[in-house]
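Remarks on the overall topology
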Amino acid sequence: MKVLFLGVGEACDSRHGNCSILVNGNGSTILLDCGFSVPHRFFHYCDDPDWLDTVWISHFHGDHFLGLPLLLLRFREMKRTRPLQFIGQQQLQEKTLAALELAYPGFTEKLNFPLLFQTITPGLPLKVNGLQLQAARSIHSQCNYGLLIDDGCHRLYYSGDGRPTADNRNLMHGCDLALHEAFTLRDSVAGHGSVEGCRQLMVEEKISRLALLHLERKTRWHKHDALKSIVGGHAGLLLPEEDDVLKLK
């Protein structure tokens, strides 16, 4: 399984793009979230319109979702022909088509490839293109699903936003890599995780590696020494940058 960080930042970070990750496993490629800045980073890497198989949307906040119209516009210009699969919670189809219509009125009818939508139910495994997916709702201001991806050899967990519940913990327990939102150094913002909380989570749930994502921009900019001290003191705790690649072997 290969992981490419397209963006690691929160909604308003001017130095880091919106949090988004490309995961390739069993020959299948899945895009985890697609916020405002994501399509430009995606197409920096991809010039094959049919390469991407699946888009996962954790929740409907703009920095995780509102890059979809541009993604689809560019795919049409590149003459994509394969169906594009979307997976997420209830209303994914309705909100995706509404966003597309708002951004480019009448554009949906002009698409030259099918859009396929599938709802995932927390607690029920879902098989997609050789990958097994499972979801659980986290604690966030909007309904957000954390996602476990299992390719048969490795297990990867992506949090989207929010603090973990017992169900989220069960999904990520013992996984090879967790990609987790860590908004502040310590738990101080309701509905958001923290660096210290993620450190504890990694230890308690026996996670091999945990990558910290979605840091609040002022925390990242002005508390660098404290952040570096926490990350540097714990093997397996990572602070990725855009363009970083991790391979699970």
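Refer to the structure printed above.
The shown structure was predicted, so the numbers you read here are calculated from the model rather than taken from an experiment. (Residues numbered from 1 in each chain as written. Predicted model: local features only at pLDDT ≥ 70, side-chain atom pairs only at ≥ 80, totals over all residues. Heavy atoms only, no water.)

1. A short note on the packing of aromatic side chains
Enumeration over the complete set of coordinates arrives at eight aromatic pairs. Relative to Phe75, the ring of Phe42 lies with its centre 5.9 Å away and its plane at 80°, an arrangement referred to as edge-to-face. On the criterion of sequence distance, the pair formed by Phe42 in helix α1 (residues 38-45) and Phe75 in helix α3 (residues 68-77) is long-range, its members being 33 residues apart. Residue Phe42 is classed as buried on the basis of its relative accessible area, which comes to 0%. Residue Phe75 is classed as buried on the basis of its relative accessible area of 0%. Here Phe43 and Phe75 contribute two aromatic rings whose centre-to-centre distance is 5.4 Å and whose plane-to-plane angle is 80°, an arrangement assigned as edge-to-face. Remark: Phe75 occurs in helix α3 and Phe43 occurs in helix α1; sequence separation between them is 32 residues. Each of the two residues, Phe43 as well as Phe75, counts as buried. Put simply, the rings of Phe42, Phe43, Trp51, Phe75 and Phe113 touch in pairs and so form one group of aromatic residues. (Phe/Tyr/Trp six-rings, centres within 6.5 Å; stacked < 30°, edge-to-face > 60°. Helix = DSSP H or I, 4+ residues; strand = E, 2+ residues; numbered from the N terminus. Buried < 20%, exposed > 50% of the residue type's maximum accessible area, 1.4 Å probe, protein only.)

2. Section: the pairing of strand β9 (residues 145-150)
Most of β9 sits inside the fold, with five of its six residues counted as buried. Where strand β8 (residues 131-137) meets β9, six bridges bridge the pair, whose relative direction is antiparallel. Within β9, the position partnered with Ala136 by the bridge is Gly146. Note: β9 against strand β10 (residues 155-158), four bridges, orientation antiparallel. Of the residues in β10, the one forming a bridge with Leu147 is Tyr158. The turn linking β9 back onto β10 is made up of four residues, and Gly152 within it adopts a positive phi angle of 95°. (Pairing = 2+ DSSP bridges.)

3. Looking at α3
Counting along an α-helix, one turn takes 3.6 residues, and residues three or four places apart therefore face a common direction. Residues of α3 that are buried include every one of Leu68, Pro69, Leu71, Leu72, Leu73 and Phe75, and no others. Note on α3: the residue one or two positions beyond its end, Lys79, has a positive phi of about 65°.

4. Quick notes on the side chain of His192
With respect to the secondary-structure elements, His192 resides in the loop between β11 (177-181) and α6 (195-204). For His192, a relative accessible area of 14% puts it in the buried group. Those residues in contact with His192, other than ones at most four positions away along the chain, are His140, Asp161, Gly162, Arg163, Glu181, Phe183, Asp187 and His214. (Contact = heavy atoms within 4.5 Å.)

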